[in-house]
Amino acid sequence: MRVLLCGMNHRTAPVEVRERFAVEDPRACLGKLRGRSAIAEAVLLSTCNRVEVVAASSEPAPAEAALRDFFERELAGEAPLPGELDDYLYTYHDGDAVLHLFRVASSIDSMVVGEPQILGQVKQAFREAVEAGTCGPVLSRLFQAGFAVAKRVRSETAVAERPVSVARVAVDLGRQIFESLEGKVALLIGAGEMIEAALHALRGDGLAEVRVANRTPERAAELARRFGGSSHGLGDLPELLVEADVVLSCIGGQAPLLFWEDLAAAVRRRGHRPLFVLDIGVPRNVDPRANELPGVYLYDLDDLSEVAESNTRERRREVLRAEALALEAREEFLAWMHALAAVPTIRRLRARAEAVRRREVERTLRRLDLDDRGREAIDALTRSIVNKILHAPVSRLRALGEEASGLAHLEAARHLFALDDPHAPGAESDRELEAEAGEGRRPAPGAAPARGGDPERERR
Amino acid sequence: MATWLQIGSALYLAAALAAAAGVLWPSNRLRILGTWLLGFGTAAHTAAFGVMHAGDPLPLADLATAVSMAVLLANLFLLVSVLRFRRLAGLVALLAPLAFVGTFLSALTLPDRGPDAADAAVLWSHSHVLLGSAGLALLAVAGLAGGLLLVEDRRLKAKRPLRGGVRLPSIEALDRINTAALGLGFLCLTVGVVTGALWVHAREGVYYTGSPHELWTTVAWSIYLVLVLARFLLHQDAREAALSAVAGFAFLVFAVVGVGVAT
């Protein structure tokens, strides 16, 4: 069984192409994938930045053709594309496909590295495939491994720790000033879209009360009504500043609205509570010298953007650590796949049975006084018994090994005969087998390390 | 007692390493582990004092035991604070090494036996050392929180991003801990000074002998009085209060520990 991944993402296809391929009804599409004989298992992932199908198949070449055909016939629609479909699509096989999925789930292949939504989207895609009956043992194992590596990346690296959008940076700064935004009072100066976007992020973090001050009272009242706050005129600012914990300002006008003196007067009256001022207006609404006031932390749009940029750079540095975890998980998954192949399972079963037979024969012969003929007879007898016992299971495993349902039998055989137990009888033969297999698999010294996930290289 | 102290000391060391690694790495798990290890270390440390009082009563009359008690009380205060403010790994990373050094030296220098418990002065000496240690411990926490607040305030004012993901406690949490520790610490120190005077009276018939320890402790107490008044009555801002706490604690260490050791 082989793993394939075919799709397009933000690096290979512009948004006008991606939106054409975006899937609205994944179950219907999965049903169409199931109808293609070369594809044994399939999971369909469709987000704003990528449309990908992960498939398991014992016939990789026909399966790849089927996946490309699926994109062309089922998803592309009737209207002509701005370019050739092949220019947008990439296909990965086996290790590269596995690594790509792990990178996607871990959010290191995302447009915004470390963004948290992608893992939920991958989980959703997996659930839909399970419900549609297109997810079998290989992809189940693959996706579970993907979720595990995503969890490790999240907990063991700082890839997702630093916010990279201006609104999230504001929330993160708020958490560095206040223990939590819960119960804090926000003063909004202005009632435009920028204010609303930033307020959404702050409200998501538990900000309690909202007070809106604006030149136009109607707009202030409208915003206040939507966020359950109170509306005020700009004349109320001196009083509002005393009570506020977070000030969010984005209002038109050439001159600053809040001068150093205004904030200094408010600071004197508010005790030693910190005041977080976010000035996202252009031109700036707050006198920059206000940052020098004790307990006042003033950030303008450039400051926030600079922090966001710095966080993006830090996240990219962390990607290397995340890549290492994904590579490690890929090796584990490939080892599992390899172990489940029919030939290694059969070889191990035979080797263990032979090791047990040989040991028992030698022990018995030591106790008997037999000539060479008698010894050969016993040796032949036991060999024949073992071969006859193993004949049926080995034949069936060989026949089923390359089919999807065969994986379950292979896994059952490994479990029943304890083939993965290093302490089971006959396990001493494993080392010889592994040495042989290792020589066959080991890359040549100086060979390039395994890599994956480069759409440019893999594009066909 | 020594065995429990050694266990506590080892746990404090582990807590210091875990919390420091958790802050510098950064890793939430390590930060949480550091806090738990500090908790276990504090439990072992408490057991050490329990054993001390259950067995052969030994008043807290020597410097090693007093330092050990100060460390224990500082840790207890911090652990209670962790229940309110979750992100205090930065403080754990600072306090745990001090706790380790304090308990380690205490375990090495424990006296074989204390003064006669029947002595009338023992009650006052015990109270004086206990409360004085509590005051020292809490003012140490106030100083550490103040130090961290100054670092974090400077970074936020300069708009510098977090370096290497090192995330200190929030300004609000540090300020509240600083205020609470300053208030409680000053109270303990005040009662400690009063019981110290009573101890001297029980022993020598006067309340004040003019020893360097008494003189410098009185000066330190007076300085703290000014700090507390500035903080609570004049509504000093967080940064000024932090600076005062750092300077005040440095002076107190000099006045009580430095002068105590020197004399």
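Structure shown above.
Described below are features of the structure shown in this document. (Residues numbered from 1 in each chain as written. Chains lettered and ligands numbered in written order. Predicted model: local features only at pLDDT ≥ 70, side-chain atom pairs only at ≥ 80, totals over all residues. Heavy atoms only, no water.)

**Thoughts on the packing of helix α3 (residues 63-84) of chain B against helix α6 (residues 171-204) of chain B**
Residue and element names in this part refer to chain B. Stated formally: Interaxial angle, 0 to 180 degrees, is taken between N-to-C directions of lines fitted to C-alpha atoms, where a helix line uses only the stretch in contact. Counting from the N terminus, the helices are DSSP H or I runs at least four residues long and the strands are E runs at least two residues long. To sort the angles, those under 35 degrees are grouped as roughly parallel, those over 145 as roughly antiparallel, those from 65 to 115 as roughly perpendicular, and the leftovers as oblique. Left-handed describes a crossing in which the near helix is turned anticlockwise from the far one by less than a right angle; the clockwise case is right-handed. Contacts are assigned to residue pairs with any non-hydrogen atoms lying within 4.5 Å of each other. Note on residue categories: nonpolar means Ala, Val, Leu, Ile, Met, Phe, Trp, Tyr, Cys or Pro, charged means Asp, Glu, Lys or Arg, and polar means any other residue, Gly included.
Relative orientation of the contacting elements α3 and α6 amounts to 140°, with a least axis distance of 12 Å. Looking at the two axes, α3 sits oblique to α6. As α3 runs across α6, the sense of the crossing is right-handed. Between α3 and α6, the contacting residues are Phe 77, Ser 81 and Arg 84 on the first element and Arg 176, Ile 177, Ala 180, Ala 181 and Leu 184 on the second. The residue makeup of the contact of α3 with α6, split by class, is 5 nonpolar, 1 polar and 2 charged.

**Brief notes about the sheet that holds strand β8 (residues 246-249) of chain A**
Residues and elements named next belong to chain A. Test applied: Note on pairing: DSSP must find at least two bridges between two strands before they are called paired.
Spatially, the 6 strands line up as an open sheet ordered β7-β6-β5-β8-β9-β10, and their pairing is parallel. Each edge of the sheet is formed by a strand with only one pairing partner; in this case those strands are β7 (230-232) and β10 (296-300). Averaged over all pairs of adjacent strands, the angle between strand axes in this sheet comes to 15°, irrespective of strand direction. Of the strand pairs in this sheet, strand β5 (residues 185-189) and strand β6 (residues 209-213) are connected by 5 bridges, and their pairing is parallel. Residue Leu 188 lies in a different strand from β6, and its bridge partner there is Val 212. Packing against the sheet, helix α8 (residues 166-177) makes contact with β9 (275-279) and β10, and its axis sits at approximately 165° to β9.

**Quick notes on the interface of chain B and chain A**
Selection criterion: Throughout, buried area stands for the accessible area (probe radius 1.4 Å) lost by two parts on being put together, summed over both. One speaks of a salt bridge when a side-chain nitrogen belonging to Lys or Arg is within 4 Å of a carboxyl oxygen belonging to Asp or Glu.
Opposite the 27 residues of chain B that make contact, chain A presents 26 residues. Sorting the residues of chain B by area buried against chain A places Leu 156, Lys 157 and Lys 159 of chain B first, and these three jointly supply 27% of that buried surface. Viewed at the interface, chain A and chain B are joined by 2 salt bridges. Note that Glu 172 of chain B and Lys 184 of chain A form a salt bridge whose closest N and O atoms lie 2.9 Å from each other. When residues in the side of chain B that touches chain A are grouped by element, the largest group, 5 residues, is from helix α5 (residues 121-158) of chain B.

**With respect to a negative patch on the surface**
Residues and elements named next belong to chain A. Note the threshold: Exposure above 30% relative accessible area and the absence of a salt bridge qualify a residue for a patch, where like charges join within 9 Å and nonpolar side chains (Val, Leu, Ile, Met, Phe, Trp, Tyr) within 5 Å. Residue burial considers only the protein chains on display, and all accessible areas are found by Shrake-Rupley using a 1.4 Å probe. In this tally, Lys and Arg are treated as positive and Asp and Glu as negative; His is ignored, and so are the chain termini. Working definition for charges: the position is that of NZ of Lys, CZ of Arg, CG of Asp or CD of Glu. Only protein chains enter the accessibility calculation, which uses a 1.4 Å probe. A residue is then buried if its area is under 20% of the maximum for its type, exposed if over 50%, and partly exposed in between.
Together, Asp 369, Asp 371, Asp 372 and Glu 376 give the surface a local cluster of negative charge. Here Glu 376 is to be found in helix α15 (residues 372-400). The exposure class of Glu 376 is exposed, given its relative accessible area of 57%.

**A short note on the sheet that holds strand β3 (residues 50-57) of chain A**
Residue and element names in this part refer to chain A. Spatially, the 4 strands line up as an open sheet ordered β2-β3-β1-β4, and their pairing is antiparallel. Looking at which strands have only one partner, the edges of the open sheet turn out to be β2 (41-46) and β4 (90-93). Adjacent strand axes in the sheet meet at a mean angle of 15° when their direction is disregarded. The pairing of strand β1 (residues 2-9) with β3 spans 8 bridges and is antiparallel. Counterpart to Met 8 in the pairing with β3 is Val 51.

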